[in-house]
Amino acid sequence: MGRAFVYVILGGGVAAGYAALEFTRRGVSEGELCIISEEPVAPYERPALSKGFLLPEDPARLPSFHTCVGANDEKLTPKWYKEHGIELVLGTRVKSVDVRRKTLLSSTGETISYKFLIIATGARALKLEEFGVEGSDAENVCYLRDLSDANRLATAIQSSANGNAVVIGGGYIGMECAASLVINKINVTMVFPEAHCMARLFTPKIASLYEDYYRAKGVEFIKGTVLTSFEFDSDKKVTAVNLKNGNHLPADLVVVGIGIRPNTSLFEGQLTIEKGGIKVNSKMQSSDSSVYAIGDVATFPVKLFGEMRRLEHVDSARKSARHAVSAIMEPEKTGEFDYLPFFYSRVFAFSWQFYGDPVGEVVHFGEFEEGKTFGAYWIKKGHLVGSFLEGGTKEEYDTISKATQLKPAVTDLEELGRVGLGFAETVVSQHIVPEASRVVMVEKPLHVWHAATGVLVAASVAVFAFWYGRRRRRW
Ligand SMILES: Cc1cc2nc3c(=O)[nH]c(=O)nc-3n(C[C@H](O)[C@H](O)[C@H](O)COP(=O)(O)OP(=O)(O)OC[C@H]3O[C@@H](n4cnc5c(N)ncnc54)[C@H](O)[C@@H]3O)c2cc1C
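Computed from a predicted structure; not experimentally measured. (Residues numbered from 1 in each chain as written. Predicted model: local features only at pLDDT ≥ 70, side-chain atom pairs only at ≥ 80, totals over all residues.)

Within the protein chain, the regular secondary structure consists of 11 helices and 26 strands. For 475 residues, the compact-globule estimate of 2.2 N^0.38 gives 23 Å, and the C-alpha radius of gyration of the protein chain, at 23 Å, lies within 12% of that figure. Taken over the C-alpha atoms alone, the protein chain extends approximately 75 × 60 × 40 Å along its principal axes. The proportion of buried residues among the 475 residues of the protein chain is 44%. Considering only contacts in the protein chain between residues 6 or more positions apart, those separated by 24 or more positions represent 63%. (Helix = DSSP H or I, 4+ residues; strand = E, 2+ residues; numbered from the N terminus. Rg over C-alpha atoms; globule rule 2.2 N^0.38 Å. Buried ≥ 20, exposed ≤ 12 C-beta atoms within 10 Å, placed from the backbone. Contact = placed C-beta atoms within 7 Å.)

Turning our eyes to something else, we now look at the sheet that holds strand β18 (residues 277-279). Ordered by their spatial adjacency, four strands build an open sheet running β17-β18-β20-β21, and the pairing between neighbours is mixed. Edge strands, defined here as strands with exactly one partner in the open sheet, are β17 (273-274) and β21 (307-310). Note that β17 and β18 share two bridges and pair antiparallel. The residue of β18 that forms the bridge with Glu 274 is Gly 277. (Pairing = 2+ DSSP bridges.)

Below, the discussion takes up the nonpolar core. Formed by 135 residues in total, the largest nonpolar core has its most connected members in Val 8, Ala 19, Ile 119, Val 254, Tyr 292 and Ile 294. With eight residues, helix α1 (residues 14-25) is the largest single contributor of residues to this core. (Core = buried A, V, L, I, M, F, W, Y, C linked by C-beta atoms within 7 Å.)

Here we take up the UniProt feature "domain: FAD/NAD(P)-binding" (unreviewed entry) in the protein chain. Here, the residues flagged by UniProt with the feature "domain: FAD/NAD(P)-binding" (unreviewed entry) are residues 7-321. From the first C-alpha to the last, residues 7-321 spans 13 Å; its make-up is 20% helix and 28% strand. (UniProt positions renumbered as here; feature names shortened; annotations may be inferred.)

Next up on the list: the site of the ligand. The ligand sits among 37 residues. The nearest are Gly 11, Gly 13, Ala 15, Gly 122 and Gly 295. Those elements that place two or more of their residues in the shell around the ligand are α1, α4 (172-183), α6 (314-329) and β22 (342-347). Looking at the shell around the ligand residue by residue, the class counts come to 18 nonpolar, 11 polar and eight charged. When residues of the shell around the ligand are sorted by domain, at least three fall in each of domain 1 (2-122 + 261-333) and domain 2 (128-258). (Near = placed C-beta within 6 Å. Nonpolar A, V, L, I, M, F, W, Y, C, P; charged D, E, K, R; others polar. Domains from an automatic or database assignment.)

Right, let's get into the pairing of strand β4 (residues 94-98). Sheet topology places β4 next to strand β5 (residues 103-106); four bridges connect them, and they run antiparallel. Within β5, the residue paired with Ser 96 across the bridge is Leu 105. As consecutive antiparallel partners, β4 and β5 are separated by four residues, and within that stretch Lys 102 has a phi angle of approximately 60°, a positive value.

Let us now look at the domain arrangement of the protein chain. Assigned domains of the protein chain: these are domain 1 (2-122 + 261-333), domain 2 (128-258), domain 3 (349-421) and domain 4 (432-475). Put simply, the middle of domain 1 and the middle of domain 3, counted by C-alpha atoms, are 32 Å apart.

The next point concerns the sheet that holds strand β8 (residues 141-142). On the basis of which strands lie adjacent, the open sheet formed by five strands has the order β8-β15-β9-β10-β11 and parallel pairing. Each having just a single partner strand, β8 and β11 (220-223) make up the two edges of the open sheet. Bridge analysis of strand β10 (residues 187-192) against β11 gives four bridges, and the strand direction is parallel. When the sheet's bridge partners are listed, Thr 189 is paired in β11 with Glu 220. Packed on one face of the sheet, α4 meets β9 (164-168), β10 and β15 (253-256) and runs near 165° to β10. (Axes fitted to C-alpha atoms, helices over the stretch in contact; angles between N-to-C directions.)

A negative phi holds for most residues other than glycine; trans holds for most peptide bonds. Of the consecutive residues Leu 62 and Pro 63, the connecting peptide bond is found in the cis state with omega at 15°. Mapped onto the elements, Pro 63 comes out in the loop between β2 (33-36) and α2 (78-83). Cis peptide bonds are those with omega within 30 degrees of zero, and the linkage from Thr 67 to Cys 68 qualifies with 15°. Following the sequence through the fold, Cys 68 ends up in the loop between β2 and α2. Despite not being glycine, Asp 58 shows a phi value in the positive range, around 50°. As for its placement among the helices and strands, Asp 58 is situated in the loop between β2 and α2. Despite not being glycine, Met 284 has its phi angle at roughly 65°, a positive value. Position of Met 284 among the secondary structure elements: in the loop between β18 and β19 (291-293).

For Phe 365, the position within the fold is in strand β24 (residues 361-366). Since 22 C-beta atoms lie within 10 Å of it, Phe 365 is described here as buried. Spatially, the C-alpha atom of Phe 365 lies 26 Å from that of Phe 221, the residues being 144 residues apart in sequence. If we ignore the near neighbours within four places in the chain, the residues touching Phe 365 are Phe 374, Gly 375, Gly 417, Gly 420 and Leu 421.

Of the two faces of β2, both are covered, the one formed by Leu 33 and Ile 35 as well as the one formed by Cys 34 and Ile 36. Strand direction decides the pairing type here: strand β1 (residues 2-10) and β2, joined by four bridges, are parallel. Looking across to β2, one finds that Leu 10 is bridged to Ile 36. Remark: the β1/α1/β2 crossover connection has right-handed handedness. Between the parallel pair β2 and strand β3 (residues 87-89), the chain is carried across by α2, and the sense of this crossover is right-handed. (Right-handed = clockwise from strand over helix to strand, strands pointing away.)

Looking now at α6. Along its 16 residues, α6 runs 23 Å from first to last C-alpha, staying within 8% of the 22 Å computed at 1.5 Å per residue. Most of α6 sits inside the fold, with 14 of its 16 residues counted as buried. (Expected span 1.5 Å × (residues − 1).)

Laid out in structure tokens, this is it:
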């Protein structure tokens, strides 16, 4: 038994949903596109699972967060796929792929052939067993990667009211889940090996502000250690966790967020793998010209850094998906993917965004207090390469994004800290360029800081007054 399509997307997550919308906008014909996914539901905005989905009241549920609502675009329900003649094969795992023959074999035994394949298999949550800890299949140990994990966690939260939860991992998933557990009136202890939370991005100063806030909400932090084993009751439910530092923590619920691993296994030995992902060029095309990769599974050239990177963020999944579809359907009109890494998080009343690369020297700015606007710039080799902002307005986030993309020169770090957000505003206001020409400015960084110093000194007082006086608006 077999079917043939012009385009097949393998995986039905964020990137697949955005790719489907782009295909329809570029005129895909009925019956040409197939999406095959292990998940039983149409593509959805995965970030909702650790945020609105876990709220105790009026939690987000499908169909409210199908792609592409996260980008304020159309909501693609199963009906939408039907109306657009897109074959949505759900609840079906692909067991093997033959890149040379251009075929996929599904778990139901069906062979699907393609002219173009887009790999959008994303990633899986790392399991504790991979670090030598047994028993994480217990019913009150939860991971969070897909909808079934989220349903399981939501049920476990309900049965743990006023109880104790241990959150293993201090990254995105750990921080967002801990906040959700607190909102659900569960006592939380966070355990992670690093010196502070969000260690891959946050500076100690940024981390300490969020950690203090979490502490004020009752969260306890145990840092610099890891989980070594679980204790179970006769029903094989976890009752406590043991840590390497000797601590013993009673637990009604354990949430594990210790990282992810891209789903590349179907392609190992068939396509080039780099930095753990499927290596693609600036058109998202892999080492086989008929196969493209997008989202978390793709390692692509980030022009701004002159390096191959694999990113694990929703914005990159959305944009790489659109770019790949454009490259497939209109190759002559599609340029190189010129992507500025962007990620964000929302916990409690906090909301931050980050653009670029958190490397080099750090300069903090603003008022480091809950409810205020503050941030940090990262400066490498004399140029701005990364910007973080908490509590900004939509316009302010837009400004730091544009300024980071311009990679302006910075010579006076002290002054940068004093001027803060005003620096990005000056950079952008003095270099208003059409989208398309931004690339040129990035490749030939402008020595904005030198040129603008006089202006900045004169303008900084006014900028500060304006900045601090502005009412914050959350997006
Ligand atoms: C809980 C949570 C919260 C997040 N919050 C944020 C956030 O706040 N900000 C941010 O920037 N990013 C966030 N992310 C990351 C973001 O969701 C991912 O970067 C994004 O989902 C990647 O999209 P993707 O399409 O590449 O992969 P995914 O969305 O993971 O989709 C992969 C799909 O492929 C399917 N699949 C895999 N293998 C097979 C196979 N062999 N056969 C069939 N189907 C297969 C999977 O079942 C899945 O449907 C979050 C992630 C999670 C899990």
